[in-house]
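Overview (structure and organization)
Here are the chains, one letter per residue:
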Amino acid sequence: MADRKIDPETGTETTGHDWDGIEELNTPLPRWWLWTFYGTIVWGVIYVILFPAWPLVNGATSGILGWSTRGDVAAETERVALSNADMNDSLVAVDLAALEENEDLHRFAVQAGASVFRTYCSQCHGAGAAGVQASGYPNLLDDDWLWGGTIEDIVYTVRHGIRNEDDPDARWSEMPAFDGILSDEEITAVTHHVRSLSDLEHDAEAAAFGSDLYLDNCASCHGDNGLGDRFVGAPNLADAIWLRGGSQEAIEAQLRAPRHGVMPPWGERLGEAEVRAVSAYVHGLGGGERPASE
Amino acid sequence: MIDIKVSFPWTCETAPMSDAPPLFAAREPIFPRRVRGTFRTLKWAILIVTLGIYYITPWIRWDRGPNLPDQAVLVDLAGRRFYFFWIEIWPHEFYFVAGLLIMAGLGLFLFTSALGRVWCGYACPQTVWSDLFYAVERWIEGDRNARIRLHDATWDARKWRLRLTKWAAWLAIAVATGGAWVFYFADAPTLLVDLITLNAPFVAYATIGVLTATTFVLGGFMREQVCIYMCPWPRIQGAMMDPGTLTVGYRDWRGEPRGKGGIKRRQEAAAEAIGGGEAKARYGAAVEDKDHAAGRTARDGSILGDCIDCNACVAVCPMGIDIREGQQMECITCALCIDACDEVMAKIGRPRGLIDYLALDDRPPSVPGDTADVHPLGTASDDAAPSAAAADWTAQPVWRHIFRLRTIIYTFAWAGIGVGLVVALFIRPEIDLTVAPVRNPTYVTLSDGSIRNAYDIRLRNKHGEERPFHIALRADGILRIELEGEPDLTVDVPANETRLQRVYVTARPQDAAASQERSDLRFWVEDLVSGERAYQDTIFNGRGQE
């Protein structure tokens, strides 16, 4: 190291780096700093022994403490499940009609239900529960219910689902395809009549012609005045809400080749407490109905 | 040839194998001597006041009524609340804390531009606690010379006894320091009992443990190393000081050439010095006092400056530096060297202030014996007789360095934020209301064709008892308001809590609000007990163009 450069002012060696005549001194590091550095190495070795560290082909070394983030989550989940156990038991036991009177339990159910909803329901019904009209996923925020809007009705729907083969108790709606049964003119006429039921723009003459066809073909499910029938899941045709669109084209398309909503049964997958919780949440979204006796 | 040299920390003190300098250096121990004087007294006063504030504050009580803590200063982390005497800061009012932090930052700028590193020298916790630890050390182990002897002594019974006593005393201070900290976060008397009976939460013990360790190590062993190697402030301050900033410095034009010359005054030398303008060059034009003008002479007869090279300034320095070498990053401007030098100047009958608070631009235009490498910031030097300009020179008074445009601007900015915070404190609403329109979806069509919007209203009750709040609506058209679960439009908010209330607003199909894309809406909230009202404006979303 013959080419060492010494700074004349301080007597300290320079690194040889030079920026516009300013040279960098190679001042010795404080020794405690080095000890601190060695300390971190020792810490690292201990850490590697105690905790998961080296990546292997399948997984990683587990460390002698056996700690893992998944284990933490499992423990936390277990802890929460344990602390919620009492509430869940009460929720399963409570009379659904009286749930709202029990404020604490109701709040618990709604909050738990919100989380269940986001996990299992939002894929179709949307995170805000507004549904997707283009796909026929119903809006759960309004006051129109295909199968009933009391909490008991909602619990049944969630538990057994709709039009699925997995649950014999599933709700089942059926509408025939009228393409071929009715002529094109007849389908257009019925559509005009249907639109007249909710005061939408229509051809009065065609609607009058369609009226008889409606009574013959549709009224058995949708009712003479188009109010629908919740027992068979027939939608109300006289209100402002259209599951699959209220335009002339949309209604005609539904007449020719109806699409039917399908929902899986959640009773076994979620368990009674979660079914009730998510139902309480949906019931509280703004359209929940009270039993008629109230 | 590749020259690899492995250096281990334990090899530092042995002679290097080659002529390469060591990569690592051990800390040079520092044994500051006791000193008395103005600045030492000031530092003791600040130490007592700051430590007093730190230790006593959590124990001050403040009655806030039922359900609220009666501790004057309390950071309630679990309740997300900060109590400061009559002020109560909620999380959404954190801008008060941000404002205080900005004021602290600006205050640091202000003090640095006016007085240099006065924070480092007097108020920094590292300085205050190191000072306290040094005092304990001096009390147990003796003053500088005794401590140097003890340091060099072998580890016999006496050394062990002194060291263990000192460490025990430090540890006691450290525990008290860490212990006082946690009292800011919980009711102090309750926590103290819990701590003693081992019922306090683990985090309290852990915090005390960590702060005890840091206080013990940083105050007892790291000391000036913290300032030199760990703290960014010494690096930042260079950008904040200017030549007009007051800082601790050495009047080299007065002190040099230094030397242990004859202290005996010689009238002839004095007369000669006055005649040659020497005294004026050294002390400034204002100095006419014959006493001040008396020169010192070395044995060879040459005239010496006032510095007798006694090293008192070095011996008292807690940073282990020689202030006579000029501005240094290590200097925390604790001013103890001023006290030490003043003491010496008094003994030899010279005016005080050879080392003093001065600004770097406060130097005579040309000074005797000035050379570039002693005065890095000095003006051009020559050994010629002092010029007339030097004889007319007078140092600027201290206040001229403090009241400068720069410091005045800082002061106004600082005070402006302070006034703003106080005003904000007085005009902040008693009712806290936030309205969050639900945007997923923006509106819902109901079966009769009416349009419904949902809003999440958050109401804070800052009082110590439950309060009913009435929620009302004001809009141009007719809109219906409904509160989920509250048919009478009144919400009871529990004491000291925030309540979330879902509100539905509905427009009938024939109303303008239903067909318009957006219309304005105002929520009014009234505290039914105090009658206070607050409002917030928001938007109602309609069908719009379809």
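Calculation notes
Residues numbered from 1 in each chain as written. Chains lettered and ligands numbered in written order. Predicted model: local features only at pLDDT ≥ 70, side-chain atom pairs only at ≥ 80, totals over all residues. Heavy atoms only, no water. Helix = DSSP H or I, 4+ residues; strand = E, 2+ residues; numbered from the N terminus. Buried < 20%, exposed > 50% of the residue type's maximum accessible area, 1.4 Å probe, protein only. Contact = heavy atoms within 4.5 Å. Areas by Shrake-Rupley, 256 points an atom, 1.4 Å probe, with all protein chains shown as cover. Rg over C-alpha atoms; globule rule 2.2 N^0.38 Å. Lys, Arg positive; Asp, Glu negative; His and termini not counted. Charge placed at Lys NZ, Arg CZ, Asp CG, Glu CD. Buried area = accessible area lost by both parts, 1.4 Å probe. Salt bridge = Lys/Arg side-chain N within 4 Å of Asp/Glu carboxyl O. Core = buried A, V, L, I, M, F, W, Y, C linked by side-chain atoms within 4.5 Å. Domains from an automatic or database assignment. Polar contact = N/O pair within 3.5 Å; in protein donor to acceptor, adjacent residues only side chain to side chain. Nonpolar A, V, L, I, M, F, W, Y, C, P; charged D, E, K, R; others polar. Disulfide = S-S within 2.5 Å. UniProt positions renumbered as here; feature names shortened; annotations may be inferred. Axes fitted to C-alpha atoms, helices over the stretch in contact; angles between N-to-C directions. Parallel < 35°, antiparallel > 145°, perpendicular 65-115°, else oblique. Left-handed = near helix turned anticlockwise from the far one by under 90°. Pairing = 2+ DSSP bridges. Expected span 1.5 Å × (residues − 1). Arc of directions from axis to C-beta. Patch = residues over 30% accessible without salt bridge, like charges linked within 9 Å, V, L, I, M, F, W, Y side chains within 5 Å.

1. What about the overall build of chain B?
- Scanning chain B from terminus to terminus reveals 20 helices and 17 strands.
- Residues counted as buried form 46% of the 546 residues belonging to chain B.
- Long-range pairs, those at least 24 residues apart, make up 69% of the contacts in chain B between residues at least 6 apart in sequence.
- If you sum the accessible surface of chain B, you get close to 28100 Å²; carbon and sulfur atoms cover 63% of it.

2. Describing the overall build of chain A
- Each helix and strand counted, chain A has ten helices and three strands in total.
- Reading chain A from its N end, one meets helices and strands in the order β-β-β-α-α-α-α-α-α-α-α-α-α.
- The C-alpha radius of gyration of chain A comes to 34 Å, more than 25% above the 19 Å expected for a compact globule of 294 residues.
- Based on the C-alpha atoms only, the size of chain A along its principal axes is roughly 110 × 55 × 40 Å.
- Considering only residue pairs separated by 6 or more positions, chain A has 53% of its internal contacts joining residues 24 or more positions apart.
- When the accessible area of chain A is evaluated, it comes to approximately 17300 Å², of which 56% is carbon and sulfur surface.
- For chain A, the centre of its 18 positive side-chain charges and the centre of its 48 negative side-chain charges are spaced 8 Å apart.

3. Structural notes on the interface of chain A and chain B
- With 27 residues of chain A at the contact, the number on the chain B side is 30 residues.
- Taking both partners together, chain A and chain B bury about 2300 Å²; carbon and sulfur atoms supply 60% of that area.
- Sorting the residues of chain A by area buried against chain B places P28, R31 and W32 of chain A first, and these three jointly supply 27% of that buried surface.
- At the boundary of chain A and chain B, one finds zero salt bridges.

4. Things to note about the nonpolar core
- Membership of the largest hydrophobic core comes to 35 residues, with the highest contact counts inside it found for V248 and I355 of chain B.
- At the level of elements, α3 (118–123), α9 (224–230), α10 (233–240), β5 (246–250), α15 (312–315), α16 (336–348) and β8 (355–359) of chain B are the ones that each hand at least two residues to this core.
- Broken down by element, this core gets its largest block of residues, eight residues, from α16 of chain B.
- Counting only domains with at least three residues in this core, you end up with domain 1 (38–238) and domain 2 (246–396) of chain B.
- When neighbours within four sequence positions are excluded, V248 of chain B is seen to be in contact with I323, Q327, T333, A335, C337, I338, I355, D356 and Y357 of chain B.
- The next biggest cluster of nonpolar side chains, apart from the first, holds 33 residues, and it includes A130, M263 and V282 of chain A together with V444 of chain B.

5. Re the pattern of salt bridges
All names here are of chain B.
- For the coordinates displayed, the defined rule picks out 40 salt bridges over all chains.
- A salt bridge links E224 to R27; the shortest N-O distance between them is 2.7 Å. Taken as a pair, E224 in helix α9 and R27 in the loop between β1 (24–25) and α1 (38–56) lie far apart in primary sequence, 197 residues in all.
- Residue K166 pairs with E141 through a salt bridge whose shortest N-O separation is 3.3 Å. With a gap of 25 residues between them, K166 in helix α6 (residues 157–182) and E141 in helix α4 (residues 125–141) connect regions that are remote in the sequence.

6. Details of the domain arrangement of chain A
- Domains assigned within chain A are domain 1 (1–46), domain 2 (85–170 + 263–283) and domain 3 (184–256).
- One C-alpha centre belongs to domain 1 of chain A, the other to domain 2 of chain A, and the line joining them spans 68 Å.

7. Considering the domain arrangement of chain B
Residues and elements named next belong to chain B.
- According to the domain assignment, chain B contains domain 1 (38–238), domain 2 (246–396) and domain 3 (432–541).
- Of the residues lining the interface, 20 residues belong to domain 1; the matching set on domain 2 comes to 16 residues.
- When the buried surface of domain 1 facing domain 2 is broken down by residue, F39, R117 and I228 rank first, second and third, together holding 32% of it.
- One can count zero salt bridges joining domain 1 with domain 2.
- The tally of links from domain 1 across to domain 2 stands at ten residue pairs in polar contact (both at pLDDT 80 or more).
- Class assignment of the residues belonging to the side of domain 1 that touches domain 2 gives a composition of ten nonpolar, four polar and six charged.

8. A closer look at the state of the cysteines
- Counting across every chain of the model gives zero disulfides over all chains.
- C221 of chain A takes part in no disulfide bond, and the closest cysteine sulfur, belonging to C218 of chain A, lies 8.9 Å away.
- Between C310 of chain B, a cysteine without a disulfide, and C313 of chain B, which holds the nearest cysteine sulfur, the sulfur-to-sulfur distance is 6.4 Å.

9. Side note on the UniProt feature "transmembrane region" (unreviewed entry) in chain B
- Within the UniProt annotation, "transmembrane region" (unreviewed entry) is assigned to residues 42–60, 94–111, 167–186, 198–221 and 408–427 of chain B.
- This span, residues 94–111 of chain B, is 94% helix and 0% strand, and a straight line between its end C-alpha atoms measures 26 Å.

10. Section: the packing of helix α4 (residues 151–160) of chain A against helix α10 (residues 272–283) of chain A
Residues and elements named next belong to chain A.
- Interhelical geometry of α4 versus α10 gives an angle of 130° and a closest axis separation of 9 Å. The orientation of α4 with respect to α10, classified from their angle, is oblique. Judged by the sense of rotation from one axis to the other, the crossing of α4 with α10 is right-handed. Along its contact with α4, which presents I151, I154, V155, V158 and R159, the element α10 presents E272, V275, R276, V278, S279, A280, V282 and H283.
- In the contact of α4 with α10, the residues fall into eight nonpolar, two polar and three charged.

11. Structural notes on the UniProt feature "transmembrane region" (unreviewed entry) in chain A
- UniProt's entry tags residues 32–54 of chain A with the feature "transmembrane region" (unreviewed entry), counted in the numbering of this structure.
- Helix makes up 83% of residues 32–54 of chain A and strand 0%. Its end C-alpha atoms lie 30 Å apart.

12. Section: the sheet that holds strand β4 (residues 87–89) of chain B
All names here are of chain B.
- With antiparallel pairing, three strands are arranged side by side in an open sheet as β2-β3-β4. If you trace the sheet from one side to the other, it starts and ends with β2 (73–76) and β4, each paired once. Across the sheet, the mean angle from the axis of one strand to that of its neighbour is 10°, orientation sign disregarded.
- The pairing of strand β3 (residues 81–84) with β4 spans three bridges and is classified as antiparallel. Among the inter-strand pairings, F82 is bridged to a residue of β4, identified as I89.

13. Describing helix α1 (residues 31–50) of chain A
- Along its 20 residues, α1 of chain A runs 29 Å from first to last C-alpha, staying within 8% of the 28 Å computed at 1.5 Å per residue.
- Within the span of α1 of chain A, buried status applies to R31, W32 and L34 of chain A. One face of α1 of chain A carries all of its buried residues, which in axial projection span an arc of 155°.
- Looking at the buried residues of α1 of chain A, the elements they touch are β3 (29–30) of chain A together with β1, α8 (202–222) and α9 of chain B.

14. A look at a nonpolar patch on the surface
All names here are of chain A.
- Among the surface-exposed residues, L29, W33, F37, I41, V45, I49, I64, L65 and W67 lie close enough to one another that they form a single nonpolar patch of about 870 Å² accessible area.
- By residue number, the principal contributor to the nonpolar patch is α1, which donates five residues.
- Within the secondary structure, W67 sits in the loop between α1 and α2 (69–93).

15. Considering the pairing of strand β13 (residues 480–483) of chain B
Residues and elements named next belong to chain B.
- Side chains I481 and L483 of β13 all project onto a buried face; the interleaved residues R480 and E482 project onto a face where none is buried.
- Strand direction decides the pairing type here: β13 and strand β15 (residues 498–507), joined by four bridges, are antiparallel. From the neighbouring strand, E482 faces β15, where its bridge partner is Y504.

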